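Letter by letter, the chains look like this.
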Amino acid sequence: MPVFGSSKKKSDGYCCKIFTMDAELQFTIEATAKGQDLYSLVCQTIGLREHWYFGLKFLDKVSNEWTWLQLNRPILSQPLHISTQTNPSKRPDSPTTSDISKAHLLRSPPTSPSVSTLSLPSSFSNHGQQHPKGMLELYFVVKFYPEDITHELIQDITRRLFYLQVKQDILNMDIYCPPDTAAYLASLALQAKFSDYDQIISLSEPFNLENEALLPLSCFQKIELTKNDWFDRIIALWRTHALMTRDEAEMAYLKHAQDLDMFGLSFFEISKMQGGNKSNTLSHQPDSASIAAELWLGIDSLGIRFYKKNKLRPEVFFSWYDVKSIIAHDKKVTLNLTSDKNATFTFCTAKSSVSKEILDLTIGNHQLYMRRRREESIEIQQMRYFEEQQKKEKLRILGRERQLRLDAEKERDEMERKFVEYQQQMKDIHETLVGYDERMKYQEAAELLARKAHISSEEARLHAEKALEVETQLERCKYEINRNEEEKRLYTRQINDCEQIISTLVNDSVKNRKEAEELKLEVAKWRVAEAAAREKLMSITQLNQSLAATNATAQAQRNLAQSSPRTVSPSPYRPNHRNQEENQTDERAYLNEKQIKQNQVALQLQDLKHVIQARKIEDRLTPLDKAYEENLAVGDNKYSTMQRASSGPASKRMAMLQDL
């Protein structure tokens, strides 16, 4: 019995590295371990139950090509490359000659497999007594695709692995994707990785799209748009996915990618058998160098397709229901149909390993095709029930988190509103205080003017008394003139002087009286302004006191409501029409918002298509680009071309295939 992990028995073991799309696993296996044992251990380690979609690939040390691991055979009996380097922390260097074939045959090798590492303990490191003999490297990748990826995938880990695989296939241009669709898928990938754009921008950490693999290289080569232009378009699409979770974004990515023409297809170059009778074709296999790639064979979950001009428009399609058997012998493969025993088609591949891979993929896809049309097993039903319960729980938690987020945003808005109101109140109070200071200054000036007016009035009184005294003296002088004529001239002179003094004093008195009246008027005005300012200050103070009392009352009521025990007997059921109306209103608002987002996306994609059409470089367009534009011009898509290729009876399609 093969042993994985720790073992008390001393045996020859090998360190095995398994690279998934986002992790790296390390195991220690014994020399007698079979592929199925290792595959089961990998699935158990990552928690994968839908194991029928995946497989293990390795680099064939003989042909230097990527090959599927045979699960029913011992691992070491298969031509794996065994490295003598056994340090788990350092990955052995791959052969240089495999760099070119790796991307194509593996389709989507992980770009950074050391994102997450899991190492299982083994007895080879205990007490320094045992050491692995060598290092094996295998890749855990998607082997078979479902017919409808949105309904058949059950587990989240399965969806996650499919998403990473398809995304890498599109970036590696193994799946043809038009530029506008690639930009939209890039926006979904950013939403799945970073969540909402506004939330990322609000963080203090710098964010740069230059470090993200978003678009296939061909988008930059055949379209005259700068990286910043592409990034602006992608960010605009990204912002339309607000509030979409990672699971929803990944599933939306797969739903759109599923409509691509090359999605889920494994392509092989084939050629028709040339000349000779049946016995000659059985005994003689054409040399790989003499076989020219006349056709392409495409295998997927629905059946077998044959392509002549390009990989976007199949010429003939046979569903798995039409296929009776497929026989592979060395480089020759024979297709037999169920409708007619004579309806056969024989073709050749460049290598016998390709024929074996074609046979392996056809058998696996046919089995999954037939199983999907039978009643689901108890295991599948249990998985679906378990995942549905988990999804409901996730939706409940997500809904609660969204509600808490909305409540927090409302509370933040309310606090901002109150803050603005308090700022305005503080501004009013400040202005009032400034006016009070000015009023105090004016009051002091008024008091000073009042004192000046009082002094002026006192001076006027003194002047009046002095004038009265002069008049008395004048009367006495007149009396003395009458008494003494000689003294008349002297008194006359004195009288003239006194009259001048009196006129001057009278004028000064009148002037001082006017100034006193003006000062009294100004004092009255400032006293009126002081009373108005005092009333305004008193009203603002009363308003703040009333607001504080209202908030204190509301807080006391909430505390009382929270602290009071809920012992009220349940009331009879009455339909809450208000809640129903609110729910209907919320649903309508959600649908309207969703429709608005869809319209925004449609407008942005339409604008992007116009820009791409105007700035494309004709000389750099590939045959697939031209084929896609031809299909688009006549209104064809993946499903219409497949329907046309599958029209008519199987015998007629076989005759068409023979004539290709």
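Residues numbered from 1 in each chain as written. Predicted model: local features only at pLDDT ≥ 70, side-chain atom pairs only at ≥ 80, totals over all residues. Heavy atoms only, no water.

Labelled according to an unreviewed UniProt entry, the protein chain appears under the name FERM domain-containing protein, originating from Adineta ricciae.

**Looking at the overall build of the protein chain**
Short version of the rule: In this text, helices come from DSSP runs of H or I with a minimum length of four residues, and strands from runs of E with a minimum of two, each type numbered from the N-terminal end. The buried label goes to any residue with under 20% of its type's maximum accessible area, the exposed label to any with over 50%, and the partly exposed label to all in between, with areas taken from a 1.4 Å probe on protein chains only. Pairs of residues are marked as contacts when any of their non-hydrogen atoms sit within 4.5 Å. Residue exposure ignores everything except the shown protein chains as possible cover, and the areas themselves are Shrake-Rupley values with a 1.4 Å probe.
Scanning the protein chain from terminus to terminus reveals 17 helices and 13 strands. Within the protein chain, the proportion of its 660 residues that are buried is 37%. Here the contacts in the protein chain between residues at least 6 apart in sequence split such that 71% fall between residues at least 24 apart. Total accessible area computed for the protein chain in this model is approximately 40300 Å², and 53% of it derives from carbon and sulfur atoms.

**Points about the packing of aromatic side chains**
Put simply, the test is: Note on aromatic pairs: the rings of Phe, Tyr and Trp (six-membered ring only in Trp) are paired at centre separations within 6.5 Å, and the planes decide the class, stacked below 30 degrees, edge-to-face beyond 60, tilted for the rest. Geometrically, a lysine NZ or arginine CZ counts as sitting over a ring once it is within 6 Å of the ring centre and also within 35 degrees of the ring normal.
What the rule picks out here adds up to 19 aromatic pairs. Plain terms: the ring middles of Phe 306 and Phe 318 are 6.4 Å apart, the flat faces sit at 80 degrees to each other, and that makes the pair edge-to-face. Here Phe 306 is found in strand β9 (residues 303-307), whereas its partner Phe 318 is found in strand β10 (residues 314-319), with 12 residues between them in sequence. An identical accessibility class is assigned to Phe 306 and Phe 318; each is buried. Aromatic ring contacts, followed pair by pair, group Tyr 39, Trp 52, Tyr 53, Phe 54, Phe 140, Tyr 145, Phe 162 and Phe 263 into a single cluster. Lying across the ring of Phe 220, Lys 227 places its NZ or CZ 6.0 Å from the centre. Here Arg 371 stacks its cationic end above the ring of Trp 52, 4.2 Å away from the centre of that ring.

**Details of the packing of helix α5 (residues 179-194) against helix α8 (residues 227-238)**
Applied cut-off: For every element, the axis is a line fit to its C-alpha atoms; helices are fit only across the contacting stretch, and the angle between N-to-C directions ranges from 0 to 180 degrees. These descriptions rest on fixed angle ranges, namely under 35 degrees for roughly parallel, over 145 for roughly antiparallel, 65 to 115 for roughly perpendicular, and the rest for oblique. Two helices crossing with the near one rotated counterclockwise from the far one by less than a right angle form a left-handed crossing, whereas a clockwise rotation gives a right-handed crossing. Under the scheme applied here, ten amino acids are nonpolar (Ala, Val, Leu, Ile, Met, Phe, Trp, Tyr, Cys and Pro), four are charged (Asp, Glu, Lys and Arg), and all others, including Gly, are polar.
It is the contact of α5 with α8, at a shortest axis distance of 8 Å, that shows an interaxial angle of 60 degrees. Classified by the angle between their axes, α5 and α8 sit oblique to one another. The element α5 and its partner α8 pack so that their crossing is right-handed. For the pair α5 and α8, contact is made by Pro 179, Ala 183, Tyr 184, Ala 186, Ser 187, Leu 190, Gln 191 and Phe 194 and by Trp 230, Ile 234, Leu 237 and Trp 238, respectively. Taken together, the residues of the contact of α5 with α8 break down into 10 nonpolar, two polar and no charged.

**Considering the pairing of strand β6 (residues 135-142)**
For a regular strand, the rule is simple: side chains alternate between the two faces of the sheet. Going by this rule: Two strands qualify as a pair provided that DSSP identifies no fewer than 2 bridges between them.
For β6, the tally of buried residues reaches eight of eight residues, placing the bulk of the element in the interior. Bridge count between strand β1 (residues 13-19) and β6: five bridges; the pairing is parallel. Bridge assignment links Lys 17 to a residue of β6, and that residue is Glu 137. Here strand β3 (residues 54-59) runs beside β6; their pairing, made up of four bridges, is antiparallel. Across the sheet, residue Leu 56 finds its bridge partner in β6, namely Phe 140.

**Some thoughts on the UniProt feature "coiled-coil region" (unreviewed entry) in the protein chain**
The criterion, for reference: UniProt positions are given in the numbering used here, feature names are shortened, and annotations may be inferred rather than shown by experiment.
Using the residue numbers shown here, the UniProt feature "coiled-coil region" (unreviewed entry) corresponds to residues 398-432 and 467-501. Between the end C-alpha atoms of residues 398-432 the distance is 50 Å, and the span holds 100% helix and 0% strand.

**Points about helix α16 (residues 638-645)**
Worth spelling out the cut-off: Counting of polar contacts relies on pairs of N or O atoms within 3.5 Å, with two restrictions inside protein: one atom must be capable of donating a hydrogen and the other of accepting it, and residues adjacent in sequence are counted only when both atoms are side-chain atoms.
Buried residues of α16: Lys 638, Ser 640, Thr 641, Met 642 and Ala 645, and no others. Those residues of α16 that are buried lie in contact with β9, β10 and α17 (650-659). Its side-chain oxygen at 3.1 Å from the backbone nitrogen of Tyr 639, Asn 637 defines the N-terminal cap of α16.

**Quick word on helix α4 (residues 156-171)**
As a reminder of what qualifies: The span you would expect from a helix comes to 1.5 Å times its residue count less one.
The terminal C-alpha atoms of α4 lie 22 Å apart, and with 16 residues this matches the ideal 22 Å at 1.5 Å per residue to within 8%. Counting buried residues along α4, 12 of its 16 residues qualify, which places the element largely inside the surrounding structure. Those residues of α4 not exposed but buried are Thr 158, Arg 159, Leu 161, Phe 162, Tyr 163, Leu 164, Gln 165, Val 166, Gln 168, Asp 169, Ile 170 and Leu 171. Those residues of α4 that are buried are in contact with α1 (35-46), β3, β6, α3 (149-152), α5 and α9 (246-257). Looking one or two residues past α4, Met 173 carries a phi angle of roughly 65 degrees, positive in sign.

**Focus on the confidence of the model for the protein chain**
Detailed reading of the predicted model is not advised wherever pLDDT is low. Operational definition: Predictor confidence is given residue by residue as pLDDT, running from a minimum of 0 to a maximum of 100.
Predicted confidence across the protein chain gives a mean pLDDT of 80, with 82% of residues reaching 70 or more. Per-residue pLDDT stays below 50 along residues 275-285; that stretch engages in nine contacts with residues further than four places along the chain or on separate chains. Counting interchain partners and residues more than four positions distant, the pLDDT-below-50 stretch residues 288-293 has 10 contacts.

**Here we look at empty space enclosed by the protein**
Quick note on the threshold: In the cavity and pocket records, a cavity denotes points on a 1 Å grid over the protein atoms alone where a 1.4 Å probe fits but cannot get out, a pocket denotes an open set with protein on both sides within 12 Å along at least 5 of 7 lines, and lining residues are residues with an atom within 4 Å of a point. Grid points are joined across faces, edges and corners, and a volume is the space filled by probe spheres set on the points.
Per the stated rule, a full pass over the model turns up five cavities of 30 Å³ or more. Taken together, Lys 167, Ile 170, Leu 171, Ala 182, Leu 185, Ala 186, Ala 189, Ala 213, Leu 214, Pro 216 and Tyr 253 make up the full set of residues lining the second largest cavity. Sorting the residues of the lining of the second largest cavity by element identifies α4 and α5 as the ones contributing at least two each. Broken down by element, the residue count for the lining of the second largest cavity peaks at four residues, all from α5. Grouping the amino acids of the lining of the second largest cavity by side-chain chemistry returns 10 nonpolar, no polar and one charged.

**Description of the pairing of strand β13 (residues 344-348)**
Examined bridge by bridge, strand β7 (residues 266-272) and β13 share two bridges and lie antiparallel to one another. Residue pairing for β13: Lys 272 is matched across the bridge by Phe 347. Here five bridges tie strand β12 (residues 332-337) to β13, and the two strands are oriented antiparallel to one another. Paired with Val 333 across the two strands is Phe 347, which belongs to β13. The turn linking β12 back onto β13 is made up of six residues.

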